[in-house]
Amino acid sequence: MQVKLHCDSQAVLREKDRKRKAAMLQRLAQEFRITVLDILHEKGTGHWGGASSAAELLVALYYDAMNVRPEKPDWPERDRLVVSKGHASCMLYTVLAHRGYFPVEELKTFRQIDSRLQGHPCMLTTPGVEMSTGSLGHGASVALGMALAARLLGKSCWTYVLLGDGDLNEGQTWEAIMAAAKFKPERLVALIDYNKVQLDGPSDQIMPMDPLPDKLRAFNWNVAPIVYDGHNAATVLESFDWVKSQRQWPVAVIYKTHKGRGVSFMEDNAHWHGAPIDDETHARARQELLQTLALLEGHAPSWPQSGKGRDEARPSSQNVK
Ligand SMILES: Cc1ncc(C[n+]2csc(CCOP(=O)(O)OP(=O)(O)O)c2C)c(N)n1
Ligand SMILES: [Mg+2]
């Protein structure tokens, strides 16, 4: 089940050149996708769609943006990430394990009774998990509270919240968005994994959110001027550079992503939100992920030609509508 990482996770942390770092993050995200696919297949449970959608974002956060000390998860000055779309847990755990919060070996206990790695993240048991999530809609409020606490305590740490479009359908998220605009906590950043698919269908049919940037601006958020490609590590790094240069709070960045990213027949398909992955599907999906990884490692086309939406996922930071 364990994927042997070709990309040295420590080397990624040490890399100073942004271009080389982006290439490393891209490969790491793809390797972690394979790990997640293998775990979900073996366990016959878990959420592939939302986990793969967030791969580059989670990898870039933990290997670039966030100031954390995995050997001391409670370090008071650390940056915080609230993964409001808690069903993406398997990707979160994979990143946390490789980043050093707990042994990589432990990943194979995913969703087992008594494991620290439950189906949805639990802050009481899992090192690195800042907030227990899974019930959508709470993450933004909690992150707002954390950012306000940081202000009261005079800390300069950053608070990030990763939201899915399903999360944005929750009324409480908009209460938090209103309150954050009122209190304007420094360094509060909402990252939106905008794949426009939810548990059982497209967001446009369930509850459309567009025009999302305009809505957030109308609520007085400082919204990134472009929608970034959330599967291109280089543009994700660019988005972080933009975030770090801001002084008007709160900040929101919207990323165009694809649910089930990396496997053509799973992309943008709500079925693969959480369906068990059988042997045949696993073999086909793994093959595709490995092919892409080989391309990335060979410095061939810098982005995989898989599935729908591949054109918009090419490396560029053009405005993606
Ligand atoms: C309050 C609440 N209602 C319903 C659900 C069931 N549920 C789990 S995931 C999900 C859809 C999530 O979609 P999204 O936020 O877009 O995540 P992603 O597409 O990134 O997986 C739903 C409705 C839940 N977890 N919590
Ligand atoms: Mg979604």
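Residues numbered from 1 in each chain as written. Chains lettered and ligands numbered in written order. Predicted model: local features only at pLDDT ≥ 70, side-chain atom pairs only at ≥ 80, totals over all residues.

Undergrad: Honestly, the overall build of the protein chain in this entry has me stumped. Any pointers?
TA: Of the regular secondary structure elements, the protein chain holds twelve helices and six strands. Dimensions of the protein chain, computed from C-alpha atoms along their principal axes, come out at roughly 50 × 40 × 40 Å. When burial is assessed residue by residue, the protein chain has 52% of its 321 residues classed as buried. Considering only contacts within the protein chain whose residues lie at least 6 apart along the sequence, 75% involve residues at least 24 apart. (Helix = DSSP H or I, 4+ residues; strand = E, 2+ residues; numbered from the N terminus. Buried ≥ 20, exposed ≤ 12 C-beta atoms within 10 Å, placed from the backbone. Contact = placed C-beta atoms within 7 Å.)

Undergrad: Would you mind showing me how to read the environment of Val243 here?
TA: Among the secondary structure elements, Val243 is positioned in helix H11 (residues 233-244). Taking the C-beta count within 10 Å as the criterion, Val243 has 19 such neighbours and is therefore assigned partly exposed. For the pair formed by Val243 and Tyr160, sequence separation is 83 residues and the distance between their alpha carbons is 11 Å.

Undergrad: Sorry, what's going on with helix H5 (residues 89-99) here?
TA: Since there are 3.6 residues in each turn of an α-helix, residues three or four apart along the chain are aligned in direction. Along H5, eleven of the eleven residues are buried, which leaves the element largely enclosed by surrounding structure. Within H5, burial applies to Ser89, Cys90, Met91, Leu92, Tyr93, Thr94, Val95, Leu96, Ala97, His98 and Arg99. Turning to H5, the residues buried within the fold contact helix H1 (9-14), helix H2 (18-43), helix H3 (48-53), helix H4 (55-65) and strand E1 (80-83). Positive backbone phi, at 110°, marks Gly100, one or two positions downstream of H5.

Undergrad: Quick question: what am I supposed to make of the site of ligand 1 here?
TA: Around ligand 1, 20 residues are found, and the nearest of them are Gly50, Leu136, Gly164, Gly166 and Leu199. Elements with a contribution of two residues or more to the shell around ligand 1: H3 and helix H7 (165-168). When its residues are assigned to classes, the shell around ligand 1 shows three nonpolar, twelve polar and five charged. (Near = placed C-beta within 6 Å. Nonpolar A, V, L, I, M, F, W, Y, C, P; charged D, E, K, R; others polar.)

Undergrad: What am I meant to see in the packing of H4 against H5 here?
TA: Working note: a packed helix pair is described by the angle between its axes plus the distance between those axes. Where H4 meets H5, the closest approach of the two axes is 10 Å, and the angle between their N-to-C directions is 30°. Taken together, the axes of H4 and H5 lie roughly parallel to each other. Here H4 and H5 pass one another in a crossing that is right-handed. Of H5, the residues touching H4 (which contributes Ala55, Leu58, Val59 and Tyr62) are Met91, Leu92, Val95 and Arg99. A per-class count over the contact of H4 with H5 returns seven nonpolar, no polar and one charged. (Axes fitted to C-alpha atoms, helices over the stretch in contact; angles between N-to-C directions. Parallel < 35°, antiparallel > 145°, perpendicular 65-115°, else oblique. Left-handed = near helix turned anticlockwise from the far one by under 90°.)

Undergrad: Just checking my understanding: could you explain the confidence of the model for the protein chain for this structure?
TA: The predicted coordinates of low-pLDDT regions are not to be read in fine detail. Across the protein chain, the average pLDDT comes to 92, with 92% of residues at or above 70. When the criterion is pLDDT under 50, residues 299-321 qualifies, and its contacts beyond four places in sequence or with other chains add up to 41 contacts. (pLDDT = per-residue confidence, 0-100.)

Undergrad: In this structure, what is going on with the packing of helix H6 (residues 139-153) against helix H8 (residues 171-183)? I would like to understand it.
TA: As a packed pair, H6 and H8 sit with axes 8 Å apart at the nearest point and diverge in direction by 25°. Considering the angle they form, H6 stands roughly parallel to H8. H8 is crossed by H6, and the crossing has left-handed handedness. Only Gln172, Thr173, Glu175, Ala176, Ile177, Ala179, Ala180 and Phe183 of H8 make contact with H6, whose side of the interface consists of Ala140, Ser141, Leu144 and Leu148. Per-class residue counts for the contact of H6 with H8 are eight nonpolar, three polar and one charged.

Undergrad: Hey, could you run me through the pairing of E1 in this one?
TA: If a strand is regular, its side chains alternate between the two faces of the sheet. Both faces of E1 are covered, namely the face carrying Arg80 and Val82 and the face carrying Leu81 and Val83. Bridge analysis of E1 against strand E2 (residues 159-164) gives four bridges, and the strand direction is parallel. Residue Val83 lies in a different strand from E2, and its bridge partner there is Leu162. (Pairing = 2+ DSSP bridges.)

Undergrad: Explanation requested: the nonpolar core in the structure shown.
TA: Nonpolar side chains tend to gather and get buried jointly when the protein is soluble and globular. Core analysis: the biggest nonpolar cluster contains 88 residues, and Leu25, Leu58, Val59, Ala60, Met91 and Ala252 have the highest contact counts within it. Examining the composition of this core, we find that eleven residues originate from one element, H2, more than from any other. Ignoring sequence-local partners within four residues, the contact set of Leu25 consists of Val12, Glu56, Val59, Ala60, Tyr63, Asp64 and Ala233. (Core = buried A, V, L, I, M, F, W, Y, C linked by C-beta atoms within 7 Å.)

Undergrad: Can you walk me through the pairing of strand E6 (residues 251-256) in this structure?
TA: Across the six residues that make up E6, a large majority, six, are buried. Burial of the side chains of E6 extends over both faces: Val251, Val253 and Tyr255 are buried on one face and Ala252, Ile254 and Lys256 on the other. Across six bridges, the pairing between strand E3 (residues 188-194) and E6 is parallel. Considered in E6, the bridge of Leu191 is made with Val253. Bridge analysis of strand E4 (residues 222-223) against E6 gives two bridges, and the strand direction is parallel. From the neighbouring strand, Asn222 faces E6, where its bridge partner is Val251. In this structure, strand E5 (residues 228-229) lies alongside E6, joined through two bridges in parallel fashion. Residue pairing across strands places Asp229 opposite Lys256, the latter belonging to E6. As for the winding sense of the linkage, the β-α-β connection from E5 through H11 to E6 is right-handed. (Right-handed = clockwise from strand over helix to strand, strands pointing away.)

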